[in-house]
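Spelled out from the first residue to the last, the chains are:
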Amino acid sequence: MQSNKIYILDTTLRDGEQVPGCQLNTVEKIQVAQQLEQLGVDIIEAGFPVSSPGDFNSVVEISKSVTWPIICALTRAIEKDITIAAEALKYAKHKRIHTGIGTSDNHIKYKFNSNREEILETAVRAVKYAKTFVEDVEFYAEDAGRTDNEYLARVIEAAIKAGATVVNIPDTNGYCLPQQFGDKIKYLFENVKGIDKVVVSCHCHDDLGMATANTMEAILNGVRQVEVTINGIGERAGNTALEEIAMILKCHPYLDLQTNINTQKIYPTSRMVSSLMNMPVQPNKAIVGRNAFAHSSGIHQDGMLKNKSTYEIIDPNDVGIDDNSIVLTARSGRAALKHRFSSLGIKYENEQLDNIYQKFLQLADKKKEINNDDLMILAGIDRKHNHHIKLEFLQFTSGFGIKPVASIGLNIAGEKFEACATGNGPVDAAINAIKKILSNRQMQMKELTIQSINKGSDDICKVHIQVENEGRLYYGFSANTDVVVATVEAYLDCINKFVSH
Ligand code: KIV
Ligand code: ZN
């Protein structure tokens, strides 16, 4: 099955969405899935249907809303999971069940309290059961990175014999060294009967910062499907970043390996996922970070002016970065705003466009030049319209030698509530006032991060908050030119996630 095509399985909506704070609602997942289709991914891992009714429903709706990619649903090696996954996939034009089980001695002993033979039998049963629903069955050997190669080869061979069309070798804990992982793949190709008839996949995590290197080694040793996410988001330190693999293969044409990725859609997709998931991209992130194409030292700038190839191996336009993009101001019209949003992967029409345009004008009055980061924030705030608890007003006084005090008005499902409280600063006073209104909640703030985007004192500040409620962590985000308002909005964003549950 070795060819020159590298299949891209995007798991942003499954492994990525598992990350605390990155949860999306069904409408947002459909938006991402449609963007992934335009990006050219071959397989969309849309969710883990048995995990919640919301996940089930999202797989159903994503299946209806995209045409070309295979829609893949994850399961454990459990009949109920597989039955539910098959049901969730019923509208998919191309469907796949992804089932599997932990195969390392560590997982066998501590997770399953079992033994190698039992695990092998369970794996085979799961693949055979999945085959009764769909033709395309992918088998994963969880923690393959730490699984003994000889045993791994036996399990993979048995899964292929049971009907698996794709076999996935995950480095679940991001443990392997690149050469070690490459050797593991090579070993499987040399020792598994029937491996040449199926697609071999890899799924690498970034715990030691080696996910991309391991994925590349796997490709060089015969893997033809890679499991990746946008911006590398995913469980713990994340997964291999889609944009890195796509651009590595593009920048090294002599490898003669191609993907179906339309690389000009990379940047808009990255921005869309970052904005919808409220997950900032680190400025120095390869390919999509704010500084990925910024040349700051004098020597580099001098080289760039002489010839771009001195310090630029990728043309920013190739990943969809429009470096000539004009700065928007209060004088920019609806068409310019619409165009800019669309280059960031966000579509606004008619009434929605009018609404966002009004918000844009309000912001442009406060902050003269509006850049892409500001726009993504505006789009994020716009999505908060449907909140169950809304901020009606907030007033506070603070200063030197006086006790900070805040009064707040909340609209909770149409009913108005007001409270006043003091605190050790205006933020603390406002949060205490909210707590007075919602007196029955056992919530505890776990983290509060305040960041400005650019430099000036007129800048928008971004606030990320984590709140624990009944043992679960919830993540909230907001942005405003007023730091206290932004914090209160982010706090309410968090609370809305559990009150509307
Ligand atoms: O990391 C992992 O092993 C996984 C599997 C479920 C494929 O996410
Ligand atoms: Zn994973």
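Preceding block: the structure.
Definitions and cut-offs
Residues numbered from 1 in each chain as written. Chains lettered and ligands numbered in written order. Predicted model: local features only at pLDDT ≥ 70, side-chain atom pairs only at ≥ 80, totals over all residues. Heavy atoms only, no water. Pairing = 2+ DSSP bridges. Helix = DSSP H or I, 4+ residues; strand = E, 2+ residues; numbered from the N terminus. Axes fitted to C-alpha atoms, helices over the stretch in contact; angles between N-to-C directions. Salt bridge = Lys/Arg side-chain N within 4 Å of Asp/Glu carboxyl O. Buried < 20%, exposed > 50% of the residue type's maximum accessible area, 1.4 Å probe, protein only. Phe/Tyr/Trp six-rings, centres within 6.5 Å; stacked < 30°, edge-to-face > 60°. Lys NZ or Arg CZ within 6 Å of the ring centre and 35° of its normal. Parallel < 35°, antiparallel > 145°, perpendicular 65-115°, else oblique. Left-handed = near helix turned anticlockwise from the far one by under 90°. Contact = heavy atoms within 4.5 Å. Nonpolar A, V, L, I, M, F, W, Y, C, P; charged D, E, K, R; others polar. Core = buried A, V, L, I, M, F, W, Y, C linked by side-chain atoms within 4.5 Å. Near = heavy atom within 4 Å. Polar contact = N/O pair within 3.5 Å; in protein donor to acceptor, adjacent residues only side chain to side chain. Areas by Shrake-Rupley, 256 points an atom, 1.4 Å probe, with all protein chains shown as cover. Right-handed = clockwise from strand over helix to strand, strands pointing away.

(A) Layout of the sheet that holds strand β3 (residues 70-74). Read around the barrel, 8 strands follow the order β1-β2-β3-β4-β5-β6-β7-β8 and close on themselves; strand pairing throughout is parallel. When strand polarity is set aside, the average angle formed by the axes of neighbouring strands in this sheet is 25°. Of the strand pairs in this sheet, strand β2 (residues 43-47) and β3 are connected by 4 bridges, and their pairing is parallel. By the bridge assignment, I44 is partnered in β3 with I71.

(B) Quick peek at the pattern of salt bridges. Considering all chains together, one arrives at 24 salt bridges under this definition. In this structure, R116 and D148 form a salt bridge, with 3.5 Å as the shortest nitrogen-oxygen distance. Note that R116 is positioned in helix α6 (residues 116-131) and D148 in the loop between β5 (137-142) and α7 (149-161), a separation of 32 residues in sequence. Look at D148 and you get partly exposed, because its relative accessible area is 36%. A salt bridge links D354 to R334, with the shortest nitrogen-to-oxygen separation between them at 2.8 Å. Of this pair, D354 sits in helix α14 (residues 350-366) while R334 sits in helix α13 (residues 334-343), and the two are 20 residues apart along the sequence. By relative accessible area, D354 is classed as partly exposed at 33%. We classify R334 as partly exposed; its relative accessible area is 35%.

(C) Local environment of the packing of aromatic side chains. On inspection of all chains with the given rule, the structure shows 3 aromatic pairs. Look at F341 and Y348: their rings are 4.8 Å apart centre to centre, the planes differ by 70°, and that puts the pair in the edge-to-face class. Given the relative accessible area of 0%, F341 is considered buried. For Y348, a relative accessible area of 6% corresponds to the buried category. Geometry around Y91 places K64 over its ring, the cationic atom sitting 4.8 Å from the centre.

(D) Geometry of the packing of helix α4 (residues 79-88) against α6. It is the contact of α4 with α6, at a shortest axis distance of 10 Å, that shows an interaxial angle of 25°. With respect to each other, α4 and α6 are oriented roughly parallel. Here α4 and α6 pass one another in a crossing that is right-handed. Packed against α4, whose contacting residues are E79, I82 and T83, the element α6 presents A126, Y129 and A130 at the interface. Of the residues contributing to the contact of α4 with α6, the split by class is 4 nonpolar, 1 polar and 1 charged.

(E) View of the sheet that holds strand β9 (residues 389-397). Pairing is antiparallel across the open sheet formed by 3 strands, whose spatial order is β9-β10-β11. Single-partner strands in this sheet number two, and they are β9 and β11 (415-422). When strand polarity is set aside, the average angle formed by the axes of neighbouring strands in this sheet is 15°. The pairing of strand β10 (residues 405-412) with β11 spans 8 bridges and is classified as antiparallel. Residue pairing for β11: L410 is matched across the bridge by F417.

(F) Expanded view of the nonpolar core. Formed by 115 residues in total, the largest nonpolar core has its most connected members in I44, F139, I156, I169, V226, I266 and L375. The element contributing the most residues to this core is α7, with 8 residues. The contact partners of I266, leaving out residues within four places of it in the chain, are L39, E243, A246, M247, I261, I287, V288 and V319. Membership of the second largest hydrophobic core comes to 31 residues, among which are L394, I408, L410 and C494.

(G) Quick peek at the site of ligand 1. Taken together, R14, D15, L74, H98, Y140, E142, N168, P170, T172, H203 and H205 form the complete shell of residues around ligand 1. At 2.6 Å from an oxygen atom of ligand 1 is found a side-chain nitrogen or oxygen belonging to T172. In this structure, an oxygen atom belonging to ligand 1 sits 3.1 Å away from a side-chain N or O atom of H203. Protein contact buries 92% of the 260 Å² of open area that ligand 1 shows by itself. Every element with two or more residues in the shell around ligand 1 is listed here: α1 (12-16), β5 and β6 (166-171). Residue classes in the shell around ligand 1 are distributed as 3 nonpolar, 5 polar and 3 charged.

(H) Looking closely at the side chain of T12. One can find T12 in helix α1. Looking at T12, its side chain comes within polar contact range of the main-chain nitrogen of I230, at 2.9 Å. In this structure T12 touches E17, V228, T229, I230, I233, V273 and M277, once residues within four positions along its chain are discounted.

(I) Quick peek at the packing of helix α9 (residues 211-220) against helix α10 (residues 242-251). Where α9 contacts α10, the two axes come as close as 10 Å, and the packing angle between them is 50°. Looking at the two axes, α9 sits oblique to α10. For the pair α9 and α10, the sense of crossing is right-handed. Every residue of α10 that contacts α9 at T212, T215, M216 and I219 is listed here: E244, I245, I248 and L249.

(J) Focus on the pairing of strand β7 (residues 199-204). Counting buried positions along β7 yields 6 of 6 residues, so the element is predominantly enclosed. Neither face of β7 is left uncovered, since the one carrying V199, S201 and H203 and the one carrying V200, C202 and C204 both have all their residues buried. As judged from the 6 bridges shared by β6 and β7, these two strands associate in the parallel manner. Within β7, the residue paired with D171 across the bridge is C204. The parallel pair β6 and β7 is bridged by helix α8 (residues 178-191), and the resulting crossover is right-handed. By the bridge criterion, 3 bridges tie β7 to strand β8 (residues 225-228) in an arrangement that is parallel.

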